[in-house]
Amino acid sequence: MLEILFRNWPFKLLSLALAFALWVAVTGENIIVQDYDVPLEISLGDGYTLVGSPPDRGDVRLRGPETLLRQINPLRHEMELLLDLSEATPGERTIQLGPDNLLGLPRGVEIARIVPNRLSLLVDEQMQRTIPVAPSFMGAPPPGYSFYDSRSTPETVTVVGPKSKVESVSRMRTDPIPLENRMESFVARVGAVPDSPEIRVLDSRLLTVRVEVDVAPTEVAFDSVPVVLVGQIYEASARPETLRVVLTGPPALLESIEATQIRAVVDVSGLA
């Protein structure tokens, strides 16, 4: 028994000495505290998203041997706070962050603090929807000129975001289009601007908006415009048989309209 114990005793003694020296080096080393800025990643299940803007980074305070902490390079993102909500259903969630959420923690180092240590999150279904575009304008044309109409190409955009936010959107505004010093029609290239930061436009390309600007409107009166009845089931007649119609619009457009092109149409299909 003793023979086995003392066999190769010089090597065993050397190993014991090295282990003791390593223990002395580690236990005798300075223990320091260091703060690190760490990315915060929230993992959700397919078809779900978050309402609001949760933090994307956290502050982690570590305590451990100085040699170990000095080896951590914050620029390499060796550590990450991961919050797994892949099984979460829609609703409010309060999550406590702890050591299990920190990935990449070096061995021999302990967590002294995580900020924020608690998150209040609102999980919602993700919704996709197509909505019409409503161009936005600022200012007005100079005196003697007027803005008449606008048309966007495309006329609709597809957005995605939390269901509670997307359902409340009826139209998609654009970047404001200035009308100052505009005395004729023009084309503007603008972006779509969601009302909520949680809503994202799938196609990020600029929209083309045709803006109609012309001289200020004038009036033209047309007398003896005939009244035409449609949808007659029984014999019917109208009194008076003609009307006086006054149109308002750009002079050039009004000048192109002839009296023979105008009718006052009355639908009498619902009359008994």
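All residue numbers here refer to positions counted from 1 along the written sequence of the relevant chain. Reporting of local features is limited, given that this is a predicted model, to residues whose pLDDT is at least 70; pairs of side-chain atoms are given and counted only at 80 or more, and all residues count toward the totals for whole chains, interfaces and linings. Side-chain numbers come from the whole structure's heavy atoms, not from hydrogens or water.

**As for the overall build of the protein chain**
No. 1: Helix and strand definitions follow DSSP, with helices as H or I runs of at least four residues and strands as E runs of at least two, each counted in order from the N terminus. Across its full length, the protein chain holds 5 helices and 20 strands.
No. 2: When accessible area is computed with a 1.4 Å probe and restricted to protein chains, residues below 20% of their type maximum are described as buried, those above 50% as exposed, and intermediate ones as partly exposed. Split into buried and exposed, the 272 residues of the protein chain put 29% on the buried side.
No. 3: A contact between two residues is defined here by any heavy atoms of the two lying within 4.5 Å. A separation threshold of at least 6 residues defines the contact pool for the protein chain, and within that pool the share at least 24 residues apart is 73%.
No. 4: Within the structure as shown, the protein chain displays about 18,100 Å² of accessible surface, and the carbon and sulfur contribution to it stands at 53%. Computed with the Shrake-Rupley method and a 1.4 Å probe, the accessible areas treat only the protein chains shown as cover for residues.

**Notes on the sheet that holds strand 18 (residues 218-230)**
Two orientations exist for strands paired in a sheet by backbone hydrogen bonds: parallel and antiparallel.
No. 1: As summarised here, the arrangement of the 3 strands in space is 19-18-20, forming an open sheet in which the pairing is mixed. Each end of this open sheet is capped by a strand with a single partner; those strands are strand 19 (242-249) and strand 20 (264-267). Pairs of neighbouring strands in the sheet enclose a mean axial angle of 40°, with direction left out of account.
No. 2: Strands were regarded as paired on the criterion that DSSP finds at least two bridges between them. Taken together, the 7 bridges between strand 18 and strand 19 define a ladder with antiparallel strand orientation. Note that in strand 19 the partner of Val220 across the bridge is Leu247. Between the N-to-C directions of two axes lies an angle of 0 to 180 degrees, each axis being a line fitted to C-alpha atoms and, for a helix, fitted only over the stretch in contact.

**Structural notes on unusual backbone geometry**
No. 1: With an omega of -5°, the peptide bond between Thr153 and Pro154 qualifies as cis.
No. 2: Tracing the chain through its elements places Pro154 in the loop between strand 10 (145-153) and strand 11 (156-162).
No. 3: Of note, the bond from Arg239 into Pro240 is cis; its omega dihedral lies within 30 degrees of zero at 0°.
No. 4: With respect to the helices and strands, Pro240 occurs in the loop between strand 18 and strand 19.
No. 5: Positive phi outside glycine occurs at Asn181, with the angle close to 65°.

**A closer look at the packing of aromatic side chains**
No. 1: Under the pairing criterion, centres of Phe, Tyr and Trp rings, with the six-membered ring standing for Trp, must be within 6.5 Å; the plane angle then separates stacked pairs below 30 degrees from edge-to-face pairs above 60, leaving the rest tilted. Enumeration according to the criterion identifies 1 aromatic pair in this entry.
No. 2: Consider the rings of Phe137 and Phe147, whose centres lie 4.7 Å apart with planes at 45°: the pair is tilted. You can see Phe137 sitting in strand 9 (residues 137-138) and its partner Phe147 sitting in strand 10, a full 10 residues away along the chain.
No. 3: Residue Phe147 is classed as partly exposed on the basis of its relative accessible area, which comes to 31%.

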